[in-house]
Structure formats: C-alpha cells, structure tokens
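Here is how the chains run, residue by residue.
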Amino acid sequence: AQKITQTQPGMFVQEKEAVTLDCTYDTSDQSYGLFWYKQPSSGEMIFLIYQGSYDEQNATEGRYSLNFQKARKSANLVISASQLGDSAMYFCAMREGQISGTYKYIFGTGTRLKVLA
Amino acid sequence: ETGVTQTPRHLVMGMTNKKSLKCEQHLGHNAMYWYKQSAKKPLELMFVYNFKEQTENNSVPSRFSPECPNSSHLFLHLHTLQPEDSALYLCASSQVGTASTKLFFGSGTQLSVL
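Residues numbered from 1 in each chain as written. Chains lettered and ligands numbered in written order. Predicted model: local features only at pLDDT ≥ 70, side-chain atom pairs only at ≥ 80, totals over all residues. Heavy atoms only, no water.

### Some thoughts on the overall build of chain A
- The helix and strand inventory of chain A stands at 0 helices and 12 strands.
- Starting at the N terminus and ending at the C terminus, chain A contains elements arranged as β-β-β-β-β-β-β-β-β-β-β-β.
- For 117 residues, the compact-globule estimate of 2.2 N^0.38 gives 13 Å, and chain A sits close to it at 14 Å.
- A total of 117 residues make up chain A; the buried ones form 48% of that total. (Helix = DSSP H or I, 4+ residues; strand = E, 2+ residues; numbered from the N terminus. Rg over C-alpha atoms; globule rule 2.2 N^0.38 Å. Buried < 20%, exposed > 50% of the residue type's maximum accessible area, 1.4 Å probe, protein only.)

Shown next as structure tokens:
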C-alpha cells in the first residue's frame, strides 16, 4: 500500500540557517506526485512545493527546494534562510493514481518545525 | 476571501446532537474532499467527490454523512458521534485533469464531542 513516512516529529533550527525535513514514500505506481504543505497554528494547510515522478530536476519555489531521490524514494524539503514565520507543522503528501478521474492524496504524520531567534 | 471556506471554525457537540459542517470553494474546482486530522496521526481521507459524484468512501462510519449538492459546496452531516471523533476536519478542493494539480484547503472545523 502507498505510504508516506516522516521520521522527525520535531525539529529546531536557528533563524537564517537552512533546515531539511525528511520524507520517504512507498508506491508501486510509476506516475505519482509529491507535495509539501505547511500548517501554521491557524490550521489552514498551505501548499509549498510539488515534484512529479518524471521530473528530472529538483523542484524549487523561493526559499523551498525539494531534494528528490527517486531510487531511494525520498523527497526531502529544504528550507533555506529560515525565518521565524516558518515555525509550523510540515506535511509531506503523495498523489496516488486516479480513481474515477479523481486523485487521492495521502499524508505523512508531519514534522513540527520551530525556528529560534 | 480565501479560496476554500469552512464553517463553523469551532464546534462543540454532545453525542446525541446532530450538526453539519459546511465547505464552499470559490476556485471553480470540480473535486472536493473531506479529511480528518487527529493528533499525531496522518491526515485521514474520508470522502472524495468528483463533479458531485462520490468516488471514495474510506470506510467511514455511517454517523458521518457527506452531501455534495454541486461542485462548489460540500457538507458533512454528523449524528450520534463518539468522543474519539473529536478532531480537526479539513475540506479541500482540486481541479481534476492535470498531474500537478494540488489540494487547496480550508482552515478546518475543530470539532469537540463531549
């Protein structure tokens, strides 16, 4: 069965430093997508970055980059130059194959990131 | 105005009550989702609707009853809930058709069952 694993329940990082949040996945599909979301204390899930399974280059979005290692089935999120506002829960997610034209998305347990001043 | 709006933000109910959660998306999407988020657990997919048709019911107890009258609105009707149903309920929408399509979430309804 498809699965997302985030092994870091909590992480600390000093302001302005870079941090890597780990994510491994398990799927037998050839075509899939990987996502990272941020959830601040307000509760809303905010999309950060997307990586397709056929994309040859790692995705980047501003200070966010995704370190995609297909053979290892890992999709780690790298946040550069951390800011206090980056303190939040971070979820890795995977899009499974279509069901009746609709994708299913499964999520990991999340990593709580605290940025220290 | 956010793309996906959920009401109410907070709900406290007794086990014998009947209540409904509402979700509305203003993004023109054609798929809508209900997720349950409990502490220290992955988000659990509950229901998926595509063009108002339910395409997924992830073994959810019948005390949760979804309704999707059109592509913009999604409801979750609740009755005779249990304390373990206390959680954050998140609604999301997406546009079916492209591989990179992502979920857009509402702010959730924090439900407490007494």
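There's more to say after this.
### Describing the overall build of chain B
- Counting its secondary structure elements, chain B contains 0 helices and 11 strands.
- Going residue by residue from the N terminus, the α and β elements of chain B occur as β-β-β-β-β-β-β-β-β-β-β.
- A compact globule built from 114 residues should have a C-alpha radius of gyration of about 13 Å, and chain B, at 13 Å, falls within 12% of that.
- Counted over contacts in chain B with a minimum sequence separation of 6, partners at least 24 positions apart contribute 52%.
- Accessible surface, chain B as shown: approximately 5300 Å² in total, 50% of it carbon and sulfur.
- Averaging the coordinates of the 10 positive side-chain charges in chain B and doing the same for the 8 negative ones gives two points 6 Å apart. (Contact = heavy atoms within 4.5 Å. Areas by Shrake-Rupley, 256 points an atom, 1.4 Å probe, with all protein chains shown as cover. Lys, Arg positive; Asp, Glu negative; His and termini not counted. Charge placed at Lys NZ, Arg CZ, Asp CG, Glu CD.)

### Digging into the pairing of strand E6 (residues 53-57) of chain B
All names here are of chain B.
- Here strand E5 (residues 44-50) runs beside E6; their pairing, made up of 4 bridges, is antiparallel. Note on E6: the bridge partner recorded for Asn50 is Glu53.
- The antiparallel pairing of E5 with E6 creates a hairpin that spans 2 residues between the two strands, and Phe51 there sits at a positive phi of about 50°. (Pairing = 2+ DSSP bridges.)

### A word on the side chain of Gln39 of chain A
- Along the polypeptide, Gln39 of chain A turns up in strand E5 (residues 33-39).
- A distance of 2.9 Å separates a polar atom in the side chain of Gln39 of chain A from a polar atom in the side chain of Gln37 of chain B.
- When residues no more than four places from it in sequence are discounted, the contact partners of Gln39 of chain A are Glu44, Met45, Ala88, Met89 and Phe91 of chain A together with Gln37, Leu88 and Leu90 of chain B. (Polar contact = N/O pair within 3.5 Å; in protein donor to acceptor, adjacent residues only side chain to side chain.)

### Observations regarding the interface of chain A and chain B
- With 21 residues of chain A at the interface, the matching set in chain B holds 27 residues.
- Area buried by chain A at its contact with chain B is led by Thr102, Tyr105 and Phe107 of chain A, which between them contribute 27% of it.
- Where chain A touches chain B, the interface holds 0 salt bridges.
- The tally of links from chain A across to chain B stands at 6 residue pairs in polar contact (both at pLDDT 80 or more).
- Mapped by element, the contributors of at least two residues to the side of chain A that touches chain B are E5, strand E6 (46-52), strand E10 (88-99) and strand E11 (102-107) of chain A.
- Sort the elements by how many residues they give to the side of chain A that touches chain B and E11 of chain A lands first, with 5 residues. (Buried area = accessible area lost by both parts, 1.4 Å probe. Salt bridge = Lys/Arg side-chain N within 4 Å of Asp/Glu carboxyl O.)

### Some remarks on the sheet that holds strand E7 (residues 64-70) of chain B
Residue and element names in this part refer to chain B.
- One open sheet accounts for 4 strands, arranged E1-E3-E8-E7; its pairing is antiparallel. Each end of this open sheet is capped by a strand with a single partner; those strands are strand E1 (4-7) and E7. Within the sheet, the average angular offset between the axes of one strand and its neighbour, ignoring direction, is 15°.
- Summarising the sheet, E7 and strand E8 (residues 73-79) pair through 5 bridges and their orientation is antiparallel. Counted as the bridge partner of Glu67 is Phe75 from E8. (Axes fitted to C-alpha atoms, helices over the stretch in contact; angles between N-to-C directions.)

### Some words on the nonpolar core
- Ranked by internal contacts, the top residues of the largest apolar core, which has 25 residues, are Ile4, Tyr25, Leu34, Trp36, Ile49, Leu77 and Tyr90 of chain A.
- Those elements giving two or more residues to this core turn out to be strand E3 (19-21), E5, E6, strand E8 (64-69), strand E9 (74-79), E10 and strand E12 (111-116) of chain A.
- Core analysis: the second largest hydrophobic core is formed by 22 residues, Leu11, Leu21, Cys23 and Trp34 of chain B among them. (Core = buried A, V, L, I, M, F, W, Y, C linked by side-chain atoms within 4.5 Å.)

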